[in-house]
Every structure is written in C-alpha cells, then in structure tokens.
Amino acid sequence: MAVLGPILRRDLSRLVFGARKGGAALPVLFFLAVAMLYPFAVGPDAPVLARTGGGVIWVAALLAAILPLDRLVEPDIELGMFDQWALRGISEEWVIAVRVLAHWLSFGPPLMLAALPASALLGIDGAALRTVELGLLAGTPGLAAVGVMIAAITAGLRGGAALSGLLVIPLAVPLLIFGAGSLSTGGEGGIALTGAVSLVLLAVTPFAGGAAVRASRE
Amino acid sequence: MHLVGPNGIGKSSLIRILAGLLRPSPTGYGKGSGTSTAGSVHWNGNVGLLDGHMALDPQLPLANALAFWSRIDRGTPPFARLGLDGLEDVPVRLLSTGQKKRAAFARLLGQNSNHWLLDEPLNGLDDAGVSLVEELIAEKRSGGGVVVVASHQPIAMPSAQILDLRKHPY
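Residues numbered from 1 in each chain as written. Chains lettered and ligands numbered in written order. Predicted model: local features only at pLDDT ≥ 70, side-chain atom pairs only at ≥ 80, totals over all residues. Heavy atoms only, no water.

Asks: Please give an account of the overall build of chain A that cites residues and values.
Replies: Assigned secondary structure in chain A consists of nine helices and zero strands. Reading the helices (α) and strands (β) of chain A from amino to carboxyl end gives α-α-α-α-α-α-α-α-α. Taken against the 2.2 N^0.38 rule, which gives 17 Å for 218 residues, the C-alpha radius of gyration of chain A at 18 Å falls within 12% of a compact globule. Based on the C-alpha atoms only, the size of chain A along its principal axes is roughly 60 × 35 × 30 Å. Across the 218 residues of chain A, 52% fall into the buried class. Considering only residue pairs separated by 6 or more positions, chain A has 80% of its internal contacts joining residues 24 or more positions apart. (Helix = DSSP H or I, 4+ residues; strand = E, 2+ residues; numbered from the N terminus. Rg over C-alpha atoms; globule rule 2.2 N^0.38 Å. Buried < 20%, exposed > 50% of the residue type's maximum accessible area, 1.4 Å probe, protein only. Contact = heavy atoms within 4.5 Å.)

Asks: An account of the overall build of chain B is requested, with residue identities and associated values reported.
Replies: Along chain B, the regular secondary structure elements total four helices and five strands. Burial statistics for chain B: of 170 residues in total, 45% are counted as buried. Within chain B, contacts between residues at least 6 apart in sequence are counted, and of these 70% link residues at least 24 apart.

Asks: How would you explain the packing of aromatic side chains if you had to name every residue and give the values?
Replies: Per the counting criterion, the structure on display carries four aromatic pairs over all chains. Relative to Trp85(A), the ring of Phe82(A) lies with its centre 5.3 Å away and its plane at 85°, an arrangement referred to as edge-to-face. Pair noted here: Phe82(A) and Trp85(A) are both in helix α5 (residues 81–87), with a separation of three residues, about one helical turn. Note on accessibility: Phe82(A) and Trp85(A) belong to one class, buried. Residues Trp85(A) and Trp69(B) carry aromatic rings whose centres are separated by 6.2 Å and whose planes lie at 45° to one another, so their mutual orientation is tilted. (Phe/Tyr/Trp six-rings, centres within 6.5 Å; stacked < 30°, edge-to-face > 60°.)

Asks: Describe the interface of chain A and chain B, listing the residues and the values that go with them.
Replies: Contact residues are listed per partner, giving 21 residues for chain A and 23 residues for chain B. Summing both partners gives a buried area of about 2000 Å² for chain A against chain B, and 56% of it is carried by carbon and sulfur. Between chain A and chain B we count three salt bridges in total. Note that Arg16(B) is salt-bridged to Asp83(A), the shortest N-O span being 3.0 Å. The tally of links between chain A and chain B comes to seven residue pairs in polar contact (both at pLDDT 80 or more). (Buried area = accessible area lost by both parts, 1.4 Å probe. Salt bridge = Lys/Arg side-chain N within 4 Å of Asp/Glu carboxyl O. Polar contact = N/O pair within 3.5 Å; in protein donor to acceptor, adjacent residues only side chain to side chain.)

This is the structure:
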C-alpha cells in the first residue's frame, strides 16, 4: 500500500503542523493550562496535589485528545477526498487507520513530553511519574482511536462537534479507569489493562470508521 | 454518453452509482428490481470522477494540493494546457469558480484513468474552458475511453448517446 505514505504525510501536515489552527500546540497548551490552574483551584496542599495529580493529568489528556475531533474526518468527506480514494481502490478502512496514527502522533508524544513539566507543577514524584508516562503510552493510542471513530460517526450530523464530545466520554471511561487507576494501585496490572482496552479500540476503529464514512454517502 | 434531465431527476445519483459510491435502491420500484451492492458496477479499467467536490485542500497552494494526488496517481497534471499557469502558488480557496473547475480537471487528467464520469463539468467555465473540456472529452473517447457526462448545458460530443432521464421514470 504505497499510497498510504502520501496520505499519512498529508494527515500529519494537517494535524501536527497545521499551524494556523494550532496543530499539535493546542492540545499541549490546553493540557499545561489545566496542570497550572489545578493547584490554584484546590489549594497548595502538596500531599493532596500529589495524590490527585495523576488523575488530573489523565482527565486533561482525554480532553486534549478530543479538541480536534471536528476536523479529523468531516472536512475530507465534504471535500470529496474519500470518494476519490474509493475510486482508486483505497479503502476507507486504511484511510481511517492512517488517520488514527496521525491523530495519535499529533497529541500522544507531545502530551507525554508535557507531562514532565505538569508533574513538576503538581508535585508528583518520580515513581508516580513513571506510572503516568507508561499509562499514557498505553492509553493515548486508544484515545486517538476513539476520537477518530466518533469523528467518523458524527461527520455530517448537525451539531456533530457537540455530540462527538458527549459520545467520546463513555468509550473513554475504561481507559481512564485503568489508566488513572494504575496510579493508586501502583501496579503494572492497570497499565496492561489500559493497553488491552487500547488494542481493542484500535482494532475496531478502522472498520467502524470505514463503515461510518460509507454510510455518510447515502 | 450524455445524461440529460431537469434538476433533481437523479443525474448525479446515477453518476455516483456508476462510480460505485452509491447503492441502487435494493427494493426497486416495480420492474427491474433486484439487489445490488456498492461497487457492483464493473469497469474494464479504472474510472475518474469529477463532480462538485474538488478533493483539493482549500488552504494549500494549488501546486501542493495537486501534488498530493500526483504522489498517489503518479501522474503529472498539465498546468499549461488547462490555463493554470501562474496560479501554482495561489491557495485553492482563493481561485475563482472556473479556475477551481480547471484545477479539478487537472486532478482528473493527472489520474490517467481509462474512463471518466463527469458531473456538470461545464459549471463556471468560460467559452474557452468549455471548448477545452469538449476537446479533452473527444481525446478521451478517441482513445477508447468511456465518458459519461451529466450536464444540463449543451456540450458538443459528436455521435454521443443521449440518455434523457425523463423518459425513464422509476
């Protein structure tokens, strides 16, 4: 599938380097803003911050991942890109799979980097930070998959952006429970379960998203 | 083949069914009913589609937007022939209606497909553009390609079949 290279390149230039609409900088700044504001809201009690900080990082990561939902799939349907790809025998499933990868690259690694200053702001210690980083590594691909799937399903609906925000929440709950839960239990078990949920979502998304794009033609 | 008929009669839908993008109604309306699935139209060769959607990124300069499709199709769009010289650096969204249609033709020509499905290919084109499109269609047909045009405007296609959808009520 040599044609997927140009498609990935285009996706990355739109999602990561799309400077005019914020690109990858927007989720990171949003994420850091939450980490900065949280101590102001709950007070400077160091033990409380350290205990709850990991969970805050997870919620911030989830919300940062759904920021660009409305421009993940819908613009390409409106432009007729999916029609042209279909005529060339490039299936919607492949395009959606590539888009999940591009979406993850646009927020996953940047958020893992941004978690370093965020952990300093929240007073999280080294061991907890390691759990957070591993959890984000296991969980953000799943968040990317959920985001692309919901973006494909809500594409073309009136008020799709608002609806997609609501629809992401229940699908992201398992990731949040296991990902943030691994902090309190401190074990690898939570991270492994987060990874398992991510894999399920990654496996389902290309088919669900592809079917949604085809259904949007009717 | 030239599809004619008033707005809303289903010219574009027929084009999309021929492209395999839309499924014919499985129940049918009376005679000729049967089931069919998307992509069930079998073409001998590959098919290019030109419709109201440009499939070119609006914020990119024209040359970059077309370069995306050249990388996929491995063909070169003929800028000069389509009168797009000097517009390479202009973002697609700033092009005029006629220039956008010419750009869409550049994408279509770069695809080097065997057959063409054209939905209202003359919309927004000036006289020179219309005759250019007629010339391109004639070349495609003389090369053995099938060209299906849905257009309410007259378009010169010598000895083309004309299908008037008004005579085929469902």
